[in-house]
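The primary structure of each chain is shown beneath.
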Amino acid sequence: SGPSLYQVGNKSSPERSVRDLVNQLGEAVVQVRTPSGLGSGFFLNGDGFLITNFHVIEGETQISIEVYHQRSGQLERKTYKQVRIVAVNKFADLALLKIEDKDAEKFKFVQIGSADALAVGERVFAIGSPLGLERTVTEGILSTKTRQLGGDLYLQTTAQINPGNSGGPLFNLTGEVV
C-alpha cells in the first residue's frame, strides 16, 4: 500500500473520456474553505500535501479542506480542519498546504504534466468549485499558450472558470495537471 496505489493519472495512459477521468481524478480535487471565502485545490501526494492559489488563503489562519472520498460507489464528504501552510509564493499566486488531522488517511493525488507538451486546440477540462458549486466539471480547448499579462505567460482556455475555481487544476486528456 505505497503511494502508487493512490496515484491517479498516468503519463503512459492514452487519451480517455472526460467522464472516466473525472471519476478517476475527482477525489484528488478538494475545496479550500476560509472564513472569508473558498477556492479549490489538488493533492500532490498521498500524505496530504496540496496546492491552491495564494490569494485563496492570503491573510487567513483558519483553513479547512473538504475532500470527497469514494465509499461503496457513493461520495462521502469529509472536512479536515488541521491544515498547515507549508510554503507560499505570492508572485506566482501559489500556496502549498498540508492536512495534519490525526485521522487523515492516504489521499488520492494527481500527476503533474507539462504545458509545453500541449498544443493549441487540444481539449482540457477543469474540476473545481465555481461559485461554491462543488465538484463542477467544465471542458474546453487550449486557446493559446502565449497570453501575456504583467510580464508572465498564461495558458488561455475556453473551459469556463469562475470565482471558486481558483487553485483548482486544469487537466489534459491523459489526466495530468497542466
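Up top you'll find the structure we're talking about.
None of these values were measured; they are calculated from a predicted model.

Undergrad: Just checking my understanding: could you explain the overall build of the chain for this structure?
TA: If you tally the helices and strands in the chain, you get two helices and 13 strands. Its C-alpha atoms give the chain a radius of gyration of 16 Å, near enough to 16 Å, the size a compact globule of 178 residues would have. Within the chain, the fraction of its 178 residues that count as buried is 42%. The contacts in the chain between residues at least 6 apart in sequence include a share of 59% that link residues at least 24 apart. Total accessible area computed for the chain in this model is approximately 9300 Å², and 49% of it derives from carbon and sulfur atoms. In the chain, 18 positive and 19 negative side-chain charges are present, and the distance between their average locations comes to 2 Å.

Undergrad: Would you mind going over the sheet that holds strand 4 (residues 64-71) with me for this structure?
TA: Within a sheet, neighbouring strands are paired by backbone hydrogen bonds and run either parallel or antiparallel to one another. Read across the sheet, seven strands follow the order 5-4-1-2-3-7-6 without closing on themselves; strand pairing throughout is antiparallel. Two strands lie at the open edges of the sheet, namely strand 5 (74-80) and strand 6 (83-89), each paired on one side alone. Shown here is a sheet whose adjacent strand axes are inclined to one another by a mean of 30°, direction ignored. As defined by bridge partners, strand 1 (residues 29-34) adjoins strand 2 (residues 37-43) across six bridges and the pair is classed as antiparallel. Bridge assignment links Thr34 to a residue of strand 2, and that residue is Gly37.

Undergrad: Is there a simple way to think about helix 1 (residues 18-25) in this case?
TA: Along an α-helix, a turn takes 3.6 residues, which lines up residues three or four apart on a common side. If you check which residues of helix 1 are buried, you get Val18, Leu21, Val22 and Leu25. Seen from one end, helix 1 has its buried residues packed into an arc of 100°, which puts them on one side. Set apart from the buried face of helix 1 by more than 90 degrees, the exposed residues are Arg19 and Asn23. On its buried face, helix 1 sits against strand 1, strand 9 (123-128), strand 10 (136-149) and strand 12 (170-171).

Undergrad: Would you mind going over the nonpolar core with me for this structure?
TA: As a rule of thumb, nonpolar side chains are buried together in soluble globular proteins. Judged by nonpolar contacts, the single largest core of 17 residues is most densely connected at Val32, Ile65 and Leu97. For this core, the elements supplying multiple residues, two or more each, are strand 1, helix 2 (54-57), strand 4 and strand 7 (94-99). Residues Leu25, Val29, Phe42 and Val177 belong to the second largest nonpolar core, which totals 14 residues.

Undergrad: Help me understand the pattern of salt bridges, please; the structure alone is not making it clear to me.
TA: Where side chains of opposite charge bring their charged atoms close, a pairing between them can arise. Inspection of every chain in the model, using the stated rule, returns nine salt bridges. A salt bridge links Glu27 to Lys108; the nearest nitrogen and oxygen atoms lie 3.3 Å apart. One end of the pair, Glu27, is in the loop between helix 1 and strand 1; the other, Lys108, is in the loop between strand 7 and strand 8 (111-112), with 81 residues separating them in the sequence. In this structure, Glu105 engages Arg71 in a salt bridge whose closest nitrogen and oxygen atoms are separated by 3.0 Å.

Undergrad: Sorry, what's going on with the side chain of Ser64 here?
TA: Take Ser64: it is sitting in strand 4. Setting aside anything within four residues of it in sequence, one finds Ser64 in contact with Gln31, Val32, Arg33, Thr79, Tyr80, Lys81 and Val83.

Undergrad: What am I meant to see in the packing of aromatic side chains here?
TA: Here the distance between the centres and the angle between the planes together describe a pair of aromatic rings. Scanning the entire structure with this criterion turns up three aromatic pairs. Aromatic side chains Phe43 and Phe107 sit 4.4 Å apart centroid to centroid with 20° between the ring planes, which places their arrangement in the stacked category. Highlighted residues: Phe43 in strand 2 and Phe107 in the loop between strand 7 and strand 8, separated in sequence by 64 residues. Taking the relative accessible area as the measure of exposure, Phe107 reaches 2% and is therefore buried. A centroid spacing of 5.2 Å and a plane angle of 25° characterise the contact between Phe125 and Phe171, whose relative ring orientation is stacked. Separated by 46 residues along the polypeptide, Phe125 in strand 9 and Phe171 in strand 12 bring together distant segments of the chain. Accessibility assignment for this pair places Phe125 and Phe171 in one class, buried. Here Lys98 stacks its cationic end above the ring of Phe49, 5.3 Å away from the centre of that ring.

Cut-offs used in this document
- Counting of residues starts from 1 at the beginning of each chain's written sequence and follows it residue by residue.
- Reporting of local features is limited, given that this is a predicted model, to residues whose pLDDT is at least 70; pairs of side-chain atoms are given and counted only at 80 or more, and all residues count toward the totals for whole chains, interfaces and linings.
- Water and hydrogen atoms were dropped before computing side-chain values, which therefore reflect all heavy atoms in the structure.
- Here a helix means four or more residues in a row that DSSP labels H or I, a strand means two or more in a row labelled E, and each is numbered from the N terminus.
- Radius of gyration means the value over C-alpha atoms here, while the globule rule gives 2.2 Å times the residue count to the 0.38 power.
- Three labels apply to residues, based on accessible area from a 1.4 Å probe with only protein chains included: buried if under 20% of the type maximum, exposed if over 50%, partly exposed otherwise in between.
- Whether two residues are in contact is decided by their heavy atoms, any of which lying within 4.5 Å being enough.
- Residue burial considers only the protein chains on display, and all accessible areas are found by Shrake-Rupley using a 1.4 Å probe.
- Working convention for charge: Lys and Arg count positive, Asp and Glu count negative, and His plus the chain ends are omitted.
- Charge positions are represented by NZ for Lys, CZ for Arg, CG for Asp and CD for Glu.
- Paired strands, as defined in this entry, are two strands with at least two bridges between them according to DSSP.
- Axis definition: a line fitted to C-alpha atoms, over the contacting stretch in the case of helices. Angles run 0 to 180 degrees between N-to-C directions.
- Here, the arc refers to the directions that run from the helix axis to the C-beta atoms.
- We call a set of buried Ala, Val, Leu, Ile, Met, Phe, Trp, Tyr and Cys residues a nonpolar core when their side-chain atoms join them within 4.5 Å.
- Salt bridges are identified by distance alone: a Lys or Arg side-chain nitrogen within 4 Å of an Asp or Glu carboxyl oxygen.
- Planes of paired rings set the category: under 30 degrees apart is stacked, over 60 is edge-to-face and the rest tilted, where pairs are Phe, Tyr or Trp rings (Trp by its six-membered ring) whose centres lie within 6.5 Å.
- Charges are assigned to positions over rings by a cutoff of 6 Å between ring centre and Lys NZ or Arg CZ, combined with an angular limit of 35 degrees from the ring normal.

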